[in-house]
Amino acid sequence: MHDALPLGQWVSQFLNFVLAHDNGTLENLGKVIGAFAEAIEAVLVALPDWAVAGAISAIGLWRVGWKFGLFCAASFFVIIATGFWPATMSTLALITASAVISLVLGIPLGIWMARSDRVAALVRPVLDFMQTMPAFVYLIPAAMLFGLGKVPGVLATVIFAMPPAVRLTNLGIRQVNKEQVEAGIAFGCTPRQLLLKVQIPGAMPSIMAGVNQTIMMALSMVIIASMVGAGGLGNDVLASIQRLDIGLGFESGLSVVLLAIILDRITESFGASSAQPQASWRERARNLMARRQPSGP
Amino acid sequence: MDAALTPGPSAAGGTGENCAPAKIVVRNLVKVFGNRPAVALQMLEQGLHKDEIFRCTGQIVGVQDASFEIRSGEIFVIMGLSGSGKSTLIRLLNRLLEPTSGEVLVDGQNVASMDRRQLIDLRRRDMSMVFQSFALMPHRTVLDNAAFGLEVAGIDKAQREKRALQVLEQVGLTAFARKHPSELSGGMQQRVGLARALAVDPSLMLMDEAFSALDPLKRHEMQHVLLDLQRDHKRTIVFVSHDLDEAFRIGDRIAIMEGGSVVQVGDPHEIARNPATDYVRAFFRGVDLTRHLTVGDIARTDQVPIFPVPSNIPDEFGAAIEHLRSIKRHYGFLVDPAHRLIGVVSIDSLLRCLGQSRPDLAGALLDHVPALAGASPFREVLGQVARNPHPFPVIDGKGIYMGAVTQTILLEHLCDEETRNA
């Protein structure tokens, strides 16, 4: 704002410099991300609504319980009946695309941080910056570099939603019981075996909590990303604000809330199951079969 | 370095292991925690105390110039109060911690100078570890936990599960193979820890406070499991503990640590009788040594004279009576040329025998004096010895004469115990 230290000018000069010297890299990156997000949306929209709603309700039933399965079904009924199904699927596609990219980048980065104190010291302030900078601000460079549409929306969301995955992966691996790690080494693990057989399984509850957090943050961000034309439920929320239409605001907002609850509970259930080892579905099925069979010798 | 640091020949206990070759040789081992170990090392060489080094440089000396040998097939217990460096020392043996200087020779190979590949190879093939907090992987079944070492070493699934089931049977957990560790009690979890360590069939096992987290009853039980396993298949076991009773029960030899230094190494009873420093003396104070003493430990050969089986009874028995009278003793023992105990005689019984028309050996023996087994606990024979005026001969498992236990010896021992604990 003040000319004594024109930080803002430098940032915009830097962005302009990037734009001027970019020879198609950004465009290609944008194309890939856009294609990825649109492919997911195309699948979700192409499938009949009852099939998608039924499938997600079934997951809720299996992971959480029959009450939650019923809740899922009722929620989807409300969303379909209020006419927000296409917008909800568009939002879900954006969340999925952003979350997948966030996790693919974030979890390895978290692992790297856990293995090197130097990387951790370097990455931590960047994560702080990413998380505390008001989310809207990301929309500006994203839109400048990639234009309007899904791509800047997804990119801004990735920046905003990635930190919890990185942090909780790092934390989870560092907090694996010291003697378990020592046991791994004492029995002759290579660093790679140690990571795959001891540290990552031990960090799984924390990593899954990070996945859950990332998805929830992605949900909140994709709504905001409607300002750069990412589409989905955010469009309706934005329109309701502009028109001061409380009815539209409530209906679209309710769809967001229901989607949030469903995503949260289902991803949380995966985290809980990795914290408390249960029999895998295969074992459970085997136990069930064994009980049905007449007791043999 | 004083004499207490090197295990003397007298340190060997009655375990019959005294001539076993060294499995591990530790020479001048030092571990410094901190970012400037070289400085601390130099100060140690100048003879500065570790507290001073910490004050001047902030470097913590974890293990200080430790030198000792561990024999093949023995259970070697490292004892000390918390903070004395015993857990650090055991981690230097398999290089969970990097030694700052010194040597750790396992079967003649220096672990401290191995490269990563050799080290991993050694850990997979020949040494394993049991941890205080069990350190089982919660996401693996009991079977997969037991098979962990084999899996890491690349043994195929069928083979490693077969072997894991074998060791689970050895520790009595076959029925729990498909359970997860969290479904098991503490004692059972440590059996899994033990099974995991046994599965790779190591010649060397490191056990860090392995039974300390268990309640006394379970601890006792696990000590028995370990001793039973050791009876079937002798491995070299390095066992860190702060429990003296445990050290006495399972340890062939023990090393006492104080402030990062090994202050004494030897047979537990030997150390208890001749503590090298006041610290060691204080360490053993309040421990009731009679609980761990066996009859063989206190039997002495200088109390009762022994006589060979006579070929000419009248002459030799006459001489025996003369001898007993001259040294003012009333009883004597007869042994055969192989040193096997034949029986107990007294002046009266010898006189009675000589008074018979045809003196024979059987007539001279006192039949109311039983021989005591050397391996039986001191406590068990206490009353028997205290109530009888005559000495009791002590024999080992093969009937060989070991010495005598008398009321005098008994009193001396109880008296020593009193003064030691005072």
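Provided above is the structure to which this section pertains.
What you see is a predicted model; the values in this text were computed from it and never measured.

Cut-offs applied
- Residues numbered from 1 in each chain as written.
- Chains lettered and ligands numbered in written order.
- Predicted model: local features only at pLDDT ≥ 70, side-chain atom pairs only at ≥ 80, totals over all residues.
- Helix = DSSP H or I, 4+ residues; strand = E, 2+ residues; numbered from the N terminus.
- Buried ≥ 20, exposed ≤ 12 C-beta atoms within 10 Å, placed from the backbone.
- Contact = placed C-beta atoms within 7 Å.
- Pairing = 2+ DSSP bridges.
- Axes fitted to C-alpha atoms, helices over the stretch in contact; angles between N-to-C directions.
- Core = buried A, V, L, I, M, F, W, Y, C linked by C-beta atoms within 7 Å.
- Right-handed = clockwise from strand over helix to strand, strands pointing away.
- Parallel < 35°, antiparallel > 145°, perpendicular 65-115°, else oblique.
- Left-handed = near helix turned anticlockwise from the far one by under 90°.
- Nonpolar A, V, L, I, M, F, W, Y, C, P; charged D, E, K, R; others polar.

Could you give me a rundown of the overall build of chain A, with the residues and numbers involved?
Each helix and strand in chain A was counted, giving 13 helices and zero strands. Ordering the α and β elements of chain A from the N terminus gives α-α-α-α-α-α-α-α-α-α-α-α-α. Judged by the C-alpha coordinates and their principal axes, chain A covers about 85 × 55 × 30 Å. Here chain A, with 297 residues, has 38% of them falling under the buried criterion. Considering only contacts in chain A between residues 6 or more positions apart, those separated by 24 or more positions represent 75%.

Would you mind going over the overall build of chain B in detail, with residue names and values included?
Of the regular secondary structure elements, chain B holds 18 helices and 16 strands. Overall size of chain B, expressed as C-alpha extent along the three principal axes, is 85 × 55 × 35 Å. A buried classification covers 40% of the 422 residues belonging to chain B. Taking the contacts inside chain B whose residues are at least 6 apart along the sequence as the reference set, 68% of them involve residues at least 24 apart.

Any chance you could break down the interface of chain B and chain A for me, citing the residues and the numbers?
Every contact between the two is made by 19 residues of chain B and, on the other side, 15 residues of chain A. Mapped by element, the contributors of at least two residues to the side of chain B that touches chain A are helix H4 (116–125), strand E6 (127–130) and helix H6 (148–152) of chain B.

Which residues make up the environment of A:Val151, and what values do they have?
All names here are of chain A. Take Val 151: it is sitting in helix H8 (residues 150–174). By the C-beta count within 10 Å, which is 29 here, Val 151 ends up buried. In this view, Val 151 contacts Gly 30, Ile 33, Gly 34 and Phe 146; residues no more than four positions away in its chain are not counted.

How would you summarise the sheet that holds strand E4 (residues 101–106) of chain B if you had to cite specific residues and measurements?
Residue and element names in this part refer to chain B. Strand order in this open sheet of four strands is E2-E1-E4-E5, and the pairing throughout is antiparallel. Each edge of the sheet is formed by a strand with only one pairing partner; in this case those strands are strand E2 (60–71) and strand E5 (109–110). Where strand E1 (residues 22–33) and E2 come together, eight bridges link them in antiparallel fashion. Residue pairing for E2: Lys 31 is matched across the bridge by Val 63. On the sheet, helix H3 (residues 86–93) packs against E1, E2 and E4 and is oriented at approximately 60 degrees with respect to E2.

So what about H3(B)? Which residues, and what values?
Residue and element names in this part refer to chain B. With seven of eight residues buried, H3 is to be regarded as a mostly interior element. Buried within H3 we find Lys 86, Thr 88, Leu 89, Ile 90, Arg 91, Leu 92 and Leu 93. One or two positions beyond H3, positive phi appears at Arg 95, with a value near 60 degrees.

Explain the nonpolar core to me, using residue names and the numbers behind them.
Counting 154 residues, the largest nonpolar core has B:Ala146, B:Leu168, B:Ala195, B:Val238, B:Phe239 and B:Ala255 as its most contacted members. Looking at which element gives the most residues to this core, the answer is helix H10 (residues 191–224) of chain A, with 16 residues. In contact with B:Leu168, other than residues within four places in its own chain, are B:Val142, B:Leu143, B:Ala146, B:Leu173, B:Thr174, B:Ala177 and B:Ala195. Counting residues in hydrophobic clusters, the runner-up holds 24 residues, among them B:Val295, B:Ala299, B:Val304 and B:Phe378.

Talk me through the pairing of E6(B); I want residue IDs and the actual numbers.
If a strand is regular, its side chains alternate between the two faces of the sheet. All names here are of chain B. On E6, burial covers both faces: Met 127 and Met 129 on one face and Ser 128 and Val 130 on the other are all buried. Where E6 lies against strand E7 (residues 204–208), four bridges are found, and the strand directions are parallel. Residue pairing for E7: Met 129 is matched across the bridge by Leu 206.

Describe unusual backbone geometry, and please don't skip the residues or the numbers.
With a phi angle near 60 degrees, B:Arg95 is a residue other than glycine that sits in the positive phi range. For B:Arg95, a count of 18 C-beta atoms within 10 Å corresponds to the partly exposed category.

How would you sum up the sheet that holds strand E16 (residues 401–405) of chain B? Please name residues and give values.
Sheet strands associate in pairs through backbone hydrogen bonding, adopting either a parallel or an antiparallel arrangement. Residue and element names in this part refer to chain B. Read from one edge of the open sheet, three strands run E14-E15-E16, paired in mixed fashion. Only two strands of the sheet have a single partner each, and these edge strands are strand E14 (372–373) and E16. In this structure, E14 lies alongside strand E15 (residues 392–395), joined through two bridges in parallel fashion. Bridging across to E15, Leu 372 finds its partner in Val 394.

Report on helix H9 (residues 178–186) of chain A, specifying residues and quantitative values.
Among the residues of H9(A), A:Gln180, A:Ala183, A:Gly184, A:Ile185 and A:Ala186 are the ones counted as buried. Two residues or fewer after H9(A) comes A:Gly188, characterised by a positive phi angle close to 90 degrees.

A description of the pairing of E15(B) should follow, citing residues and the corresponding values.
All names here are of chain B. Alternating positions in E15 separate into two faces, Phe 392 and Val 394 on one and Pro 393 and Ile 395 on the other, with burial throughout. For the handedness criterion, the β-α-β arrangement of E14, helix H17 (residues 378–387) and E15 is classed as right-handed. By the bridge criterion, four bridges tie E15 to E16 in an arrangement that is antiparallel. Following the sheet pairing, Pro 393 is matched in E16 by Ala 404. Two successive antiparallel strands, E15 and E16, enclose a turn made up of five residues, where Gly 399 displays a positive phi of approximately 85 degrees.

Describe the environment of A:Arg63, with residues and values.
Residue and element names in this part refer to chain A. By secondary structure assignment, the location of Arg 63 is in helix H3 (residues 49–63). A sequence separation of 106 residues divides Arg 63 from Thr 169, and the C-alpha atoms of the two residues are 23 Å apart. Discounting residues that sit within four places of it in the chain, Arg 63 has contacts with Ile 266 and Ser 269.

Help me get a handle on the packing of helix H7 (residues 157–170) of chain B against helix H8 (residues 186–199) of chain B, residues and values and all.
Helix packing for two helices is described by the angle between their axes and how far apart those axes are. Residue and element names in this part refer to chain B. At their nearest, the axes of H7 and H8 sit 9 Å apart, and the two run at 130 degrees to each other. Of the possible angle classes, the one that applies to H7 and H8 is oblique. Judged by the twist between their axes, the crossing of H7 over H8 is right-handed. Contacts from Arg 163, Ala 164, Val 167, Leu 168 and Gln 170 in H7 reach Ala 195, Leu 198 and Ala 199 in H8. Its residues assigned to classes, the contact of H7 with H8 comprises six nonpolar, one polar and one charged.

Go over the environment of A:Phe77 with me, naming the residues and quoting the values.
All names here are of chain A. Examined against the element boundaries, Phe 77 turns out to sit in helix H4 (residues 66–81). Residue Phe 77 is classed as partly exposed on the basis of its 13 C-beta neighbours within 10 Å. Separated by 190 residues in the primary sequence, Phe 77 and Thr 267 have C-alpha atoms spaced 21 Å apart.

Run through the packing of H10(A) against helix H11 (residues 233–242) of chain A, naming residues and quoting values.
All names here are of chain A. Look at H10 against H11: their axes get within 7 Å of each other, and the N-to-C directions meet at 55 degrees. On the basis of their axis angle, the class for H10 and H11 is oblique. By crossing handedness, the relation of H10 to H11 is classed as right-handed. Of the residues in H11, those in contact with Val 222, Ile 223 and Ile 224 of H10 are Leu 233, Gly 234 and Val 237. Broken down by class, the residue content of the contact of H10 with H11 amounts to five nonpolar, one polar and no charged.

None of this, on its own, says anything about what the molecule does.
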